[in-house]
Amino acid sequence: MVDGLIAKSLNEALEALDNKEYQIVAGGTDMLIQNRSHSGMNIDYKKDVLYINLIDELDFIKVDEKNLYIGANTRLETILESKLVPQILRDVVIEMASPGIRHTATLAGNIGNASPAGDSLVVLYLLDCELEIKSLTKTRKVLLKDFITGVRKIALNKNELITKLIIPKINLTDCYFHKVGPRLSDAISKLSFACGYSVENSIIKDLRVAFGAVYVTVVRSREVEGKFIGQSVNDLKANLDDIINAYEPLIKPIDDQRSNRVYRKNVAINLLREFIENIKED
Amino acid sequence: MPKIEFKLNDKLVTVHSTANRRLLDVLREDFNLTGPKEGCGEGECGACAVLLNHKIVNSCCTPLANVDGQEIVTIEGFSKTKRYQIIKDAFAEMGGVQCGFCTPGMVIATESLLNKNPHPNDEEIRIALSGNLCRCTGYNMIIKSIQKAAKDGDGIW
Amino acid sequence: MKDISKSINKVDNEEKISGSAEYIADIKMDGMLYAMTLRSSIVKGEIIKISYPKIPDNYYVIDHKDVQGKNIVKIIYDDMPIFTTKKISYLHEPIALVIGPEKEKIVEILDSIEIKYKEEEPQFEWEDSVVDFHFDKGEGERVFDHADKVISYDYETGYQEQAYIETQGFIGYQDGDKTTLIGSIQCPYYVKNALIQALDSEPENVRVIQSTVGGAFGGKEEFPSLIGCQLAVAVKKIKKPIQLIYEREEDMLVTTKRHPAKIHFDAAIKENKIKGIKAHVGIDGGATIGLSGVVLSRAMLACSGAYTIDNLDITGDVYKTNTVPNGAFRGFGAPQMMFAIEMFVEHIAKDLNIDPLEFRKSILAKQNDHTSTNGVYRDPILMPEMIEKAMKESDYLRKKKAYANPNIFKGIGMSFFFHGCGFTGSGEKKIIKARVRLRKHKNNKAEILIAAVDMGQGVKTTFRKLVANILEIDIENVIFNNPDTDYVPDSGPTVASRTMMIVGGLVARAAKEMKQRWREDEFVVEKQYKQPDYIKYDEENFIGDAYPAYSWGVNVVEVEVSKTTYQVKLVKTWSVYDGGKAIDEKVVLGQADGGLAQGVGYGYLEVMNHKQGKIQQKNMTDYIIPTAKDMPDMETYLYDNPYAFGPYGAKGVGELTLVGGAPAVAKAIENAINKRIYKIPVTPEYIMELINNAKN
C-alpha cells in the first residue's frame, strides 16, 4: 500500500520531495478521479502521495507594479472573488468548475495535471503566465508554455514543487474567454478560446489568441500574433482571411466521445473570426 | 498508522487510517453518516456534497488528507441548525424534493450559497447549483425553494 | 367539498431532506459480503475456458452452474440468461459474481481470472429482426394508389440513458428456506416472479422489499430482475447477506437504455391533405429482446401523434444487435415516434406550402375519432383550447414571425402529443390482473397494501391523500410503507403511467367500500382490476382500444442558437397538460418539470452512442444531462378533464410530460436556423452540418 504524507509547510513538502518521489496532490478533484478504484476502497495511487493542500503559506494573491502572484494553494474560489485578479481569469474559473470543485481545486493543480481540455491553461497561456518552482535548494522560474510539454506531461523534476503563478500585468483594450462545452456549465470543454488585444491610435499594439482542446497542448503562436501587431485595425480586419489561414494549420483537433474534429476546427475558426471582426478602433 | 483529526458536525474526531481515502467513504463507513450519497464518484453530481470550512465540496473527490485539522459538516450536522429548518421548509413547500437522492447535496449547496450571498438572484442560484445534478425536477422547483429560503431566512444568513 | 388537487407537502420530505431516508447503499447488515460482476471482454463469441485463481476461504464465485432453477431472467422472452453459459452476445455480458468480505480481494480475484474466448464477427447493422409487427387502418397501403403525390422522410433518434442519480443495487439475505432481497426497484413482483423461476423456490420462500428509490425512469423496471436473480442465486447458496451495488461506470455501460430508432414515413397526399401514412419503425433491441417488442408496439401505436389519420399501414421491427440490451425508459417507444411524427407533419406542411400550425390544427384528433388501431377516443379532447392557452402564454405567433428572420438565430417550437395511459392492449386484463388491499386497523388507521413504488413521483403522498380524502380522515391516519411482497398483493409494476389511474382507481374503490364499513373494528378490503366492458382489443391484429384512456399535452420551447458555436440555449418553456385530474397539483407540476427536462434533454443535449458495441459515455462527465444552468424557467398549466374510471378522474401523467419535449425543442431549433431537422439529439455538431450544407 502506498503512503500518504500531509505537508503543512512548504519546507516540510520540499524536504519530503528531496527524499523520494511522490505523487503530488493539491485539491484532489482531478487526482482522485484519475486514481479511482471502487467505492469504499482506498484511492488507487501508483506511488506515495504528498498532500500539499494544507500548506497555508502557499495560499495567497499579491500584486506589485509588474506582476500578479497567485500561490499554488490558492483555491479557485479565492481567485474568483479577488478584485486583484484580471476579469478574464475570474471568468474562466466560474466557467470551468462548479462551486464544490472551486472550493478545493487550485490553478497549480490544473497546471500539474496538464490536461489538454483544461480551460484555465488557455487563459494562463494568453496572459503569459510564468511559474515559480522550488526545490529544497533551488528556486527557478519557467514560462507555462515551456513547462507543459504534452498531454499530461510537465517539466517538473521529482524534487520540485510549483509554488506560485506569476502573471504579468498587461494593459489590454479588451480580452475574453469563451468556453465551448457540451452544456452551459460544469462540463469538460469540447474546445475553448481566449483572446485579447490593445489598440492605440487605431494601431494594433498587442494581439493574443489561444485555443484549448484543439491540439495536445494549448495553441498560442507568438509568431502569428507578431505578423499582425502593428497593423491598423482596418488592415487587420481586411486581412481576416490571412489570419485564419495562419492559424488553420495549428488547429489539429481530434474526434472523441465529446465532439468531432470538424466541429472543433470550424468553431475555433468562427471564434477567431468573431474576435477579429469585433475589434474596435480605440 | 497515520492519525487524522478534524471537526465533524461540531465534534472533534480522529481517524486512524491511511490518508489515501475519499472523505465520502470515511463519512459513510467510519461514522455511518449516510446523508452524503455516492451518485457518480467523480465530482459531477454533487450528491456527496458536504461543507468544508462552511463551503460546499464534493466528498467523493476530497482526500481524507485534506480535511486534517479542518471542519466538516454533513447534512446530519447541518440538520440541527435553524438555517436548515428554513431551507427544509422551503424545499417541502415549493416541491423541491422528488426521489430525494440529490436533496441533501442540494441543501448543502443552498447553505453554501446563502452563507456567502443571502439574497441571490435567479442566475446566481443556478450557478450555485451547477455542480448538483437532479434528474427528477428539472430544477424549476428547487430554484423556487431556494428563492423562498432566502426570503424566509432574511437576516439569518 | 375541497378540491383534491390542492397541494399538500409530500409525506417523505422530512426524511429525504435530512438525509435520513435509507437508500439501498445506506443499509448495512452484519457480516455482509460484497459482490462484483465478472464480465465478458469480447462482444460476440464463446467462452472456451475460464481459469480461476485459488479462491480463498469466505470468497465465492457464483455462475450459471449455481442457478438452481431456470437460468433465464423471467421477462417476456426466454432469451436473457442470468449468467451466460458460454455464449457471449454483448460486451460486458455477466459471467459470474465474485463475492467476499473485502472489496480489495474481490478486485484482485477478478483481475487474475483468465478467460479464453472464441471470437465471432459481431452484428451491429439493423438486419436481424427478432420481432415484427404490422397493422393497417382504413384502406391501408391502397390509399397510395390514388394519391396526387407521396412525401417521404426518414427520422432518427439516439440512445438515452435514464441517469437516475442513485445507481442500481440490491442487498440479499437468507433466512432458513427464505431468500429476501431489498432493492432499488420499480416492480417488486417482477423481481419476485423472476426469483421464483431462478431459484426454483416456492413463492412463500421468496421475498422482495423496496428500499427508498433514488430515481428510476424505467431503468429499474426490468433490469433489476437480472441482477436480482444473480444475487439471489448467490444468497441462497452462500446463506450470508450480500450487497450488489453498481458504481456509475458499470451502471452506464451495462444497464438498459432507450432504444435508438429509425422511422421511415411515406404520406399519400391528395388535394394538399394527408390521406394516409405508411410507416416503418425500426428499433435497436440490443443483444436480448427483453421488453423491446412492447416498446415497439407503443411506438407504432403512437404513429399518428395527436392527429387523426384515416388510412395507415404501419410496420415495425426489433433488431437484434451485439450491443447492450435496451429496455424501458419513461415514454416507452412513444418519445421516438412522437418526435418523428411531429417533424413529419411539419415537413409535409412546409413541402405543401401550407402554414404548418394551421395544417396541424386542421387534423387534430377529436372526441369519437378513431385511434391508429380503430379504437375510439371516447373522452373529450381539449387540445384546441390547450393550444390556444400555450400560444397565448408564450406569445407564440409574434415570436414565430419575428424569429423567421434568418439573422437573429432565435426560435420557438410547439409540439402536440398524447400518451396512452396504462399497459398497452389487454395487458392489464390478461397479464397484470392488479389486486390491491386496504386494511382497517383497530386504531382507526387505514393501511394501503399495494406494490406501487414511490421513486420520487410522489406515490406515497398521493395515495395517502387519496385514501384520506375518501375516508375523510387525516392523512396521518393512512399508512403506506414501502412495498414488501410478504405483505402487499401484486398490484402490478410501477410503470406505464398506470399507477394512479389503474392502481389508484382500485384503491379508491376499496376506500369507498371501507368508508361504508368504517364502524367495523378490523377488516381488509380487496379489489381486483376489471377492464371497462367497452374496451376491446385484438392483440394479434392491433385492432381496437389499445388504451383505456389518453392524456394530452402541448409543449412550447423557446431557444437561442449561437451563430459562432451552434450551441443551443433554452430560453423558456410553456406547457399545458390534460392528465384528467391532478390528485395533487404540486406533484403533477413536479412531474411536468422533470419530464420536460428529460424530454428536451433527449431532443438537444443527451448524446450516447456505441463504438463496436462499447458505450462511449461511461460516466456522468461524458453523458451530459442538463444542469440548473441549462434548464430555463418552466411554466405549466393543468387542465381538468376527468376520466370516469380514474380516481377523481385522474389519468396518467408520468410519461406524458416527457414525450413532447424533443419535438418542441427540435422545432424551435428549426425555427432558429431555418433548416430542417431529421434526427435527435440536435447537437451543435449536427446544427453546424445543417447550417453549412442542408436545404431549408
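A quick note: this is a predicted structure, and the numbers were derived from the prediction, not measured.

Trainee: Explain the overall build of chain A to me, and be specific about the residues and the numbers.
Mentor: From N to C terminus, chain A includes 12 helices and 13 strands. Its C-alpha atoms give chain A a radius of gyration of 20 Å, within 12% of the compact-globule value 19 Å for 282 residues. In terms of overall dimensions, chain A has C-alpha extents of about 60 × 45 × 30 Å along its principal axes. Long-range contacts, defined here as pairs at least 24 residues apart, represent 63% of the contacts in chain A between residues at least 6 apart. For chain A, the accessible area works out to roughly 11500 Å², and carbon and sulfur atoms hold 45% of it. Each charge class in chain A was averaged separately, 37 positive and 39 negative side chains, and the resulting centres sit 3 Å apart.

Trainee: Describe the domain arrangement of chain B, and please don't skip the residues or the numbers.
Mentor: Residue and element names in this part refer to chain B. When cut into domains, chain B gives domain 1 (3–78) and domain 2 (82–152). Taken over C-alpha atoms, the centre of domain 1 sits 21 Å from the centre of domain 2. Facing the 18 residues of domain 1 at the interface are 15 residues of domain 2. For the pair domain 1 and domain 2, the summed buried surface comes to about 1300 Å²; carbon and sulfur atoms form 71% of the total. Three residues stand out in domain 1 for area buried against domain 2, namely I56, I75 and F78, and they jointly supply 41% of the buried area on that side. Our count for the domain 1 to domain 2 interface comes out at zero salt bridges.

Trainee: Any details on the interface of chain C and chain B? Residues and values, ideally.
Mentor: Contacts between the two partners involve 51 residues from chain C and, on the opposite side, 44 residues from chain B. Buried surface at the junction of chain C and chain B, both sides included, amounts to about 3800 Å², of which 54% is carbon and sulfur. Counting the contacts that link chain C with chain B gives six salt bridges. A salt bridge links C:D26 to B:R28; the nearest nitrogen and oxygen atoms lie 2.7 Å apart. On inspection of chain C and its partner chain B, the count reaches 27 residue pairs in polar contact (both at pLDDT 80 or more). Counting residues per element, the ones that place at least two in the side of chain C that touches chain B are helix 1 (13–17), helix 14 (585–604) and strand 27 (633–639) of chain C. Counting residues per element, the side of chain C that touches chain B draws most heavily on helix 14 of chain C, at eight residues. A class-by-class count of the residues in the side of chain C that touches chain B yields 21 nonpolar, 17 polar and 13 charged.

Trainee: So what about the side chain of C:D266? Which residues, and what values?
Mentor: Note on placement: C:D266 falls in strand 13 (residues 261–270). Despite its burial, C:D266 pairs with no opposite charge; the closest candidate is C:K278, at 4.8 Å N-O.

Trainee: Tell me what's going on with the pairing of strand 3 (residues 49–52) of chain B, and back it up with residues and numbers.
Mentor: All names here are of chain B. Of the two faces of strand 3, the one lined by A49 and L51 and the one lined by V50 and L52 are each fully buried. Of the strand pairs in this sheet, strand 3 and strand 4 (residues 55–58) are connected by four bridges, and their pairing is antiparallel. Bridged to V50 within strand 4 is V57. If you look at the hairpin formed by strand 3 and strand 4, you'll find two residues sitting between the two strands, and N53 has a positive phi there, around 50°.

Trainee: Please give an account of the interface of chain C and chain A that cites residues and values.
Mentor: A common measure of how large an interface is: the accessible area buried when the components associate. Contacts between chain C and chain A engage 26 residues on the former and 29 residues on the latter. For the pair chain C and chain A, the summed buried area comes to about 2300 Å², and 54% of that belongs to carbon and sulfur atoms. At the junction of chain C with chain A, the criterion picks out three salt bridges. Two residues, C:D622 and A:R258, come together in a salt bridge whose shortest N-O distance is 2.9 Å.

Trainee: Account for the packing of aromatic side chains, with residues named and values stated.
Mentor: All names here are of chain A. Scanning the entire structure with this criterion turns up 32 aromatic pairs over all chains. Taking the centre distance of 6.1 Å and the plane angle of 50° together, the rings of Y197 and F275 count as tilted. Here Y197 is found in strand 12 (residues 191–200), whereas its partner F275 is found in helix 12 (residues 261–277), with 78 residues between them in sequence. The pair Y197 / F275 is uniform in exposure class, with both members buried.

Trainee: I'd love a proper account of the sheet that holds strand 6 (residues 114–119) of chain C, names of residues and values included.
Mentor: On the basis of which strands lie adjacent, the open sheet formed by three strands has the order 4-2-6 (chain C) and antiparallel pairing. The open sheet terminates on both sides in strands that have one partner only, identified here as strand 4 (87–88) and strand 6 of chain C.

Trainee: Lay out helix 1 (residues 10–19) of chain A with the relevant residues and their values.
Mentor: Residues and elements named next belong to chain A. Along helix 1, the residues classified as buried are L10, A13, L14, A16 and L17. When helix 1 is viewed along its axis, its buried side chains cluster within an angular range of 160° and face the same direction. On the buried face of helix 1, the contacting elements are strand 1 (4–6), strand 2 (23–25), strand 3 (49–51), strand 6 (130–134) and strand 10 (161–168).

Trainee: Which residues make up the sheet that holds strand 11 (residues 174–180) of chain A, and what are the values?
Mentor: Residues and elements named next belong to chain A. Spatially, the three strands line up as an open sheet ordered 11-12-13, and their pairing is antiparallel. Edge positions in the open sheet fall to strand 11 and strand 13 (203–212), since each of these has one partner strand only. Direction aside, neighbouring strands of the sheet carry axes that sit 10° apart on average. Summarising the sheet, strand 11 and strand 12 pair through seven bridges and their orientation is antiparallel. Bridging across to strand 12, K179 finds its partner in S192.

Trainee: Hey, could you go over the pattern of salt bridges for me, with residue numbers and the actual values?
Mentor: Oppositely charged side chains are able to pair whenever their charged atoms sit close together. All names here are of chain A. Enumeration over the complete set of coordinates arrives at 75 salt bridges over all chains. E225 is paired through a salt bridge with R220; the nearest N and O atoms lie 2.8 Å apart. For E225, a relative accessible area of 2% gives the class buried. With a relative accessible area of 16%, R220 lands in the buried category. Each of the salt bridges in this network shares a partner with another, and the network as a whole consists of D128, D206, R208, R220, R222 and E225.

Trainee: Could you give an account of the domain arrangement of chain A, with specific residues and numbers?
Mentor: Residues and elements named next belong to chain A. Along its sequence, chain A is organised into domain 1 (4–168) and domain 2 (174–277). For domain 1 and domain 2, the distance between their C-alpha centroids amounts to 26 Å. Counting the surface lost from both domain 1 and domain 2, the interface buries some 1700 Å², and carbon and sulfur atoms represent 65% of this. Inspection of the domain 1/domain 2 interface yields four salt bridges. A salt bridge links R208 to D128; the nearest nitrogen and oxygen atoms lie 3.1 Å apart. The interface formed by domain 1 and domain 2 holds eight residue pairs in polar contact (both at pLDDT 80 or more) in total. Elements supplying a minimum of two residues to the side of domain 1 that touches domain 2: helix 4 (87–96), helix 7 (119–126) and strand 8 (148–150). If you tally residues by element for the side of domain 1 that touches domain 2, the top one is helix 7, at six residues. The residue inventory of the side of domain 1 that touches domain 2, partitioned by class, reads 12 nonpolar, three polar and three charged.

Trainee: Quick one: what's the story with the environment of C:K400, residue by residue and with numbers?
Mentor: Residues and elements named next belong to chain C. Inspection of the secondary structure puts K400 in helix 10 (residues 396–402). A relative accessible area of 25% means that K400 is categorised as partly exposed. Between the C-alpha atoms of K400 and G413, which are 13 residues apart in sequence, the distance is 8.0 Å. Beyond its immediate stretch of four places on either side in the chain, K400 contacts E346, I412 and N671.

Trainee: I'd like to hear about the environment of A:F193, residue by residue, with values.
Mentor: All names here are of chain A. Along the polypeptide, F193 turns up in strand 12. We classify F193 as buried; its relative accessible area is 0%. For the pair formed by F193 and A213, sequence separation is 20 residues and the distance between their alpha carbons is 9.1 Å. Those residues in contact with F193 that lie beyond four places of it in its chain are V122, Y176, F177, H178, V209, A210, F211, L271, L272 and F275.

Trainee: Residue-level account of helix 3 (residues 188–199) of chain C, with values.
Mentor: Every α-helix carries 3.6 residues per turn, so stepping three or four residues along brings you back to the same face. All names here are of chain C. Counted at 1.5 Å a residue, the expected span for helix 3 with its 12 residues is 16 Å, and the 16 Å between its end C-alpha atoms agrees. In terms of burial, helix 3 is a largely internal element, 10 of the 12 residues being buried. Inspection of helix 3 places P188, Y189, V191, K192, A194, L195, I196, Q197, A198 and L199 among the buried residues, and these make up the whole buried set. Looking at the buried side of helix 3, the elements it contacts are strand 9 (169–175), strand 10 (178–183), strand 11 (206–210) and helix 4 (223–238). D200 sits one or two positions beyond helix 3 and adopts a positive phi of about 55°.

So, how was this worked out
Residues numbered from 1 in each chain as written. Chains lettered and ligands numbered in written order. Predicted model: local features only at pLDDT ≥ 70, side-chain atom pairs only at ≥ 80, totals over all residues. Heavy atoms only, no water. Helix = DSSP H or I, 4+ residues; strand = E, 2+ residues; numbered from the N terminus. Rg over C-alpha atoms; globule rule 2.2 N^0.38 Å. Contact = heavy atoms within 4.5 Å. Areas by Shrake-Rupley, 256 points an atom, 1.4 Å probe, with all protein chains shown as cover. Lys, Arg positive; Asp, Glu negative; His and termini not counted. Charge placed at Lys NZ, Arg CZ, Asp CG, Glu CD. Domains from an automatic or database assignment. Buried area = accessible area lost by both parts, 1.4 Å probe. Salt bridge = Lys/Arg side-chain N within 4 Å of Asp/Glu carboxyl O. Polar contact = N/O pair within 3.5 Å; in protein donor to acceptor, adjacent residues only side chain to side chain. Nonpolar A, V, L, I, M, F, W, Y, C, P; charged D, E, K, R; others polar. Buried < 20%, exposed > 50% of the residue type's maximum accessible area, 1.4 Å probe, protein only. Pairing = 2+ DSSP bridges. Phe/Tyr/Trp six-rings, centres within 6.5 Å; stacked < 30°, edge-to-face > 60°. Arc of directions from axis to C-beta. Axes fitted to C-alpha atoms, helices over the stretch in contact; angles between N-to-C directions. Expected span 1.5 Å × (residues − 1).

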